[in-house]
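Fold and contact review
Here is how the chains run, residue by residue.
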Amino acid sequence: MSSFNIPNVRIFDGEEIIPCGTVTVENGKITSVDATSSTTTPTHTLLPGLIDCHVHCNSAAPTALPQSLRFGVTTVCDMHNEYPNIITLRKQIEEEGDCADLKTTSFGATVENGWPGPVVLAHSKDPHVLAEVATWPKLKTKQDAKDYIRERVSEGVDYIKLMHESGTVMGAEFNMPSLELQKAVIDEAHANDLIAVAHATCRKDTLDILGVGVDGLTHQFTDQPPNQEVIDAYLKNGAHLNPTLAAMGSLTTEGKALQEQFAHDPRIQHLLPENARNNMCTCMDFAKLPGCTVDNAYETLRQLKAAGVDVVVGSDAAGPAVGTAWGLSVHQELHLLVHKCGFTPVEALKAATSINARRFRFHDRGRIQPGLRADLVLIEGNPLEDIGETLNLRSVWTKGLKCSTFA
Ligand SMILES: [Zn+2]
C-alpha cells in the first residue's frame, strides 16, 4: 500500500484547528500530523471523513456506499436493514472498494405491523419489498428481546436500533412495542456492551423511550416545542440526539426549497445521478398532525445544545424514500445546524466527525490523528468559517485510498 503526504493544508482534526500543516498516510493509516510554518494562507482544508450516523441502504442499493463516499462521507451507520442486505454491502466494500464503510444494527427491533412498515410500504408495494418486510423481527416478550440481541451479536452489529413510533405525527395509530419490551431490548443491548438508539418523532414517544434508558434518539420531534422535561430526560441518560433536520423538513414539506437548492448545486452535479437528484427534490410529506413544524425541531435543538447534550449528524438518507440523497444530505444537515440552530461551522463539523465517533464508540476514526484510519476529505476553501464550502470537494480518501471520482 502507498504512502503519501497532504502538505500545506488547513487541518481540522475533529476537535482542533491547525492553521497550516501536513498529514502523512502510510498503509491506510494516518502516521503523522505536523504543523508547518507557511507565509501564505492554505487554499485547502483537510477534514476527517464525515460520519453519517443514520442511513438506510435499502435493498442493498449498490449506489448507496459509493455515492456517500463521493460526498466525503467515509462511514455510514445503517439504522435498519435486512441482514442479507448487510452481507451484500459488506461484500461490496470488500470486493469493489470505493465505498463508504458500513456500520449496522442489521434488523431494527421491530414488532408486527409496527414502524417502519408503514413508511416502507408507502414507498413500494413491490413483492420483493413485501417479502423483505415479512422477515423483520416480531418481538413480543422479554425472551424475544434476549433472542433478538443474541442474533444481532452473532451478525457482528455495531449498535441496536429501536422503533418507538406511535404514529402521532402522521395522524395514524401504529402498533408499537410496550415500554417493558423496549426496556428489555435496551438492557440486553447494554449487557452485551452495545449502545441502543431509538426512532421517535413526537415529544411523548421521545420522553417515553428516554425514560427506559435509551442512549440516543435518531430524530428530533416536530409536533411540540421543547420543554424542561425533555432536556432533563436527555441529561439524565447522558443521551445524544441525531436530529435528522433535513428529513424532518421533508416530512413536513418545509424543507423543499433547501432540498432543491442542494440537489441543484452546480458544484456537485457530477456527483449526483439524475434519479437521486429528482428523489431529493420530492418531500415525504407524512406529517399530517396540525401544528407540526421544523421550527419546533430547531428550537429544541438550540435548547439541548445549550444544555450540553451531544448532537450528532445523521441524514436518514434512504432510497426509494424521498427527500434525501446519500452523502449530499449530510451537507444539508450541516447547513441547517449552522443556519437554523446556532452551531458554529466547527461545532457542526465536530458533530459529523469526532462526536459521532465518540458516541458510537468508533475509536479508529472521526479524528485526524496518528494511528487512526486515513479517512479524509479535502475541501477547497475554508468550511470552518463558511459551512457552505464543504461542497467544494476536491478529494476523499478511505483507509488511505483515494475515491475514484477524484483520481
Ligand atoms: Zn431512519
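Calculation rules
- Residues numbered from 1 in each chain as written.
- Predicted model: local features only at pLDDT ≥ 70, side-chain atom pairs only at ≥ 80, totals over all residues.
- Helix = DSSP H or I, 4+ residues; strand = E, 2+ residues; numbered from the N terminus.
- Rg over C-alpha atoms; globule rule 2.2 N^0.38 Å.
- Buried ≥ 20, exposed ≤ 12 C-beta atoms within 10 Å, placed from the backbone.
- Pairing = 2+ DSSP bridges.
- Right-handed = clockwise from strand over helix to strand, strands pointing away.
- UniProt positions renumbered as here; feature names shortened; annotations may be inferred.
- Core = buried A, V, L, I, M, F, W, Y, C linked by C-beta atoms within 7 Å.
- Contact = placed C-beta atoms within 7 Å.

What to know about the overall build of the chain
Along the chain, the regular secondary structure elements total 15 helices and 15 strands. Here the chain has a C-alpha radius of gyration of 20 Å; the compact-globule value for 407 residues is 22 Å, and the two agree. Principal-axis analysis of the C-alpha atoms places the extent of the chain at approximately 65 × 40 × 40 Å. Residues classed as buried in the chain amount to 52% of the 407 residues present.

Brief notes about the sheet that holds strand β5 (residues 50-56)
The strand order across the open sheet built from 4 strands is β7-β6-β5-β12, with neighbouring strands paired in parallel fashion. In the strand order of this sheet, the two ends are held by β7 (101-104) and β12 (317-318), each with one partner. As defined by bridge partners, strand β6 (residues 73-78) adjoins β7 across 4 bridges and the pair is classed as parallel. Among the inter-strand pairings, V76 is bridged to a residue of β7, identified as L102.

Some details on the pairing of strand β8 (residues 160-163)
Sheet faces and side chains relate simply in a regular strand, where the side chains alternate between the two faces. Neither face of β8 is open: one carries I160 and L162, the other K161 and M163, and all of them are buried. In this region the chain leaves β8, passes through helix α6 (residues 179-191) and returns to the parallel neighbour strand β9 (residues 196-199); the handedness of that crossover is right-handed.

Structural notes on the UniProt feature "domain: Amidohydrolase-related" (unreviewed entry) in the chain
Residues annotated in UniProt with the feature "domain: Amidohydrolase-related" (unreviewed entry) correspond here to residues 45-398. Structurally, residues 45-398 comprises 41% helix and 13% strand, and the distance from its first C-alpha atom to its last is 17 Å.

Topic: the sheet that holds strand β14 (residues 393-398)
Across the sheet, 7 strands lie side by side as β3-β2-β1-β4-β13-β14-β15; this open sheet has mixed pairing. The strands lining the two open edges of the sheet, one partner per strand, are β3 (29-35) and β15 (401-402). Bridge count for strand β4 (residues 44-48) against strand β13 (residues 376-380) is 5 bridges, and the pairing is antiparallel. The partner of P48 across the bridge, within β13, is L376.

As for the pairing of β6
In terms of burial, β6 is a largely internal element, 6 of the 6 residues being buried. Handedness of the crossover joining β5 and β6 through helix α1 (residues 64-70) is recorded here as right-handed. Crossover connection from β6 via helix α2 (residues 83-96) to parallel β7: handedness right-handed.

Structural notes on the nonpolar core
With 118 residues, the main nonpolar core has V185 and V214 as its most contacted residues. Per-element accounting of this core gives the leading share, 6 residues, to helix α13 (residues 328-341). The residues touching V185, leaving out its near neighbours within four places in the chain, are A109, A145, Y148, I149, I160, L162 and A196.

Structural notes on the environment of Q92
Relative to the helices and strands, Q92 resides in helix α2. Distance from Q92 to P62, taken between C-alpha atoms, is 7.8 Å for residues 30 residues apart in sequence. Apart from the residues within four sequence positions on either side, Q92 is in contact with P62, L65 and C99.

Some remarks on unusual backbone geometry
Omega for the peptide link from W115 to P116 comes to 5°, which places this bond in the cis form. Among the secondary structure elements, P116 is positioned in the loop between β7 and α3 (117-123). The backbone phi angle of D98 is positive, close to 60°, even though this residue is not glycine.

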